[in-house]
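As a plain string of letters, each chain reads:
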Amino acid sequence: MAVKKTKFVVGNWKMSPVSPLEAKKIAISIKKCASVLSKVTTVFAPPSIYLPLISRLCAKGEVKLSSQNVSIFKDGAHTGEVNAEMLKNSGVSFCIVGHSERRALGETDAQVSEKVNLLLENGIRPVICVGEGEHDHQGVYLEFLQNEIKNSLKGVTKKNASDIIIAYEPIWAVGAKEPMQNSDIHETTLFIKKVLTDIFGQEMAFSIPILYGGSVNMRNAKDIVMMGQVDGLLVGRESLNPIGFNSMLKEINSI
Ligand code: PGA
């Protein structure tokens, strides 16, 4: 199941676009570009209603499919919920968990960890979002991050940790004008690796991909990956713009 390509670029479409036709157009255009790039794993995270449509379009696996959420319930009578097994059986191989926009609706670290474990049981790679609401220069935010990571990964064993992906998204940089500074991204990424080392040991910790997300666009993507030294990107707005997203994919592929 391990994906061998070197960098991950995950497009989080959030609650867009408004029609299946538009979703199809975006997916086709990006798929065409992504399919010839060997050093990037491109992942679409469309709204769940479009998952079957996009799954059919990407049946050959040129682009991987992600859900934006999963139910906390394994099975049972839960109106409106979609569980991990359904995602697996619908061609989904990644799932964003704990995005700050879901945490703002009340999702807790404990719920995130339950979702992460259900996804791992079903062979789906969780893209676990973590990030502080405020950045200070005294390092208080590091303690927040450490707790958030440890709590969100409860129950994950060294054995299945190789399938997790961490997406570091400082909340203040999501949907903003500018991303975090590259040197700060690098510094925080090192800290995240240290926290992961405490949990899983160094060898495993250093094999877990760490992505950055928050105001990434085609102009800043390559520098963020190179200078921030991350393993990829979680992209919101720019993922709905095929010109920008394709240009980003090519830039990352050229690293
Ligand atoms: P943005 O969103 O790229 O529009 O800032 C990122 C995200 O929410 O994942």
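Here, the structure is the one placed above.
All of the points below concern the structure found in this document. Note that the structure is predicted; figures quoted are calculated from it, not measured. In every chain, residue numbers begin from 1 and rise along the written sequence. In keeping with the model being predicted, local features are shown solely for residues with a pLDDT of at least 70 and side-chain atom pairs are shown and tallied solely at 80 or more, while totals for entire chains, interfaces and linings include all residues. To get the side-chain values, all heavy atoms of the structure are used, and hydrogens and water are removed first.

Let's talk about the pattern of salt bridges
Part 1 of the argument: We define a salt bridge as a side-chain nitrogen of Lys or Arg found within 4 Å of a carboxyl oxygen belonging to Asp or Glu. Taken as a whole, this structure holds 8 salt bridges when the rule is applied.
Part 2 of the argument: Lys 31 serves as the salt-bridge partner of Glu 62, at 3.9 Å between the closest nitrogen and oxygen. Taken together, the positions of Glu 62 in the loop between helix H2 (51-57) and strand E3 (64-67) and Lys 31 in helix H1 (residues 20-34) put the pair 31 residues apart, joining distant regions of the chain.
Part 3 of the argument: The exposure class of Lys 31 is partly exposed, given its relative accessible area of 21%.
Part 4 of the argument: Each member of the salt-bridge network shares a partner with another, and the members are Arg 102, Glu 107 and Lys 115. Numbering of helices and strands runs from the N terminus, with a helix taken as a DSSP run of H or I at least four residues long and a strand as a DSSP run of E at least two residues long. Here the term buried applies to any residue with accessible area under 20% of the maximum for its type, exposed to any over 50%, and partly exposed to those in between, with areas from a 1.4 Å probe on protein chains only.

A word on the environment of His 99
Part 1 of the argument: Inspection of the secondary structure puts His 99 in the loop between strand E4 (94-97) and helix H4 (100-103).
Part 2 of the argument: On the basis of relative accessible area, His 99 is assigned to the buried category, the value being 5%.
Part 3 of the argument: Between the alpha carbons of His 99 and Val 127 there is a distance of 9.1 Å; along the sequence they are 28 residues apart.
Part 4 of the argument: A polar side-chain atom of His 99 sits 2.9 Å from the main-chain amide nitrogen of Glu 101. Within 3.5 Å is the distance limit for a polar contact, defined as a pair of N or O atoms, with the added protein rule that one can donate a hydrogen and the other accept it, and that residues adjacent in sequence qualify only through two side-chain atoms.

Notes on the pairing of strand E7 (residues 210-213)
Part 1 of the argument: Going residue by residue along E7, you find Ile 210 and Tyr 212 tucked away on one face and Leu 211 and Gly 213 tucked away on the opposite face as well.
Part 2 of the argument: Here strand E6 (residues 165-168) pairs with E7 via 3 bridges, running parallel. Looking across to E7, one finds that Ile 166 is bridged to Ile 210.
Part 3 of the argument: Two strands form a pair only when DSSP identifies at least two bridges running between them. As paired elements, E7 and strand E8 (residues 232-235) share 3 bridges and run parallel to each other. Note on E8: the bridge partner recorded for Gly 213 is Leu 234.
Part 4 of the argument: Handedness of the crossover joining E7 and E8 through helix H9 (residues 221-227): right-handed. A clockwise course of the path from the first strand over the helix to the second, judged with the strands pointing away from the viewer, identifies a crossover as right-handed.

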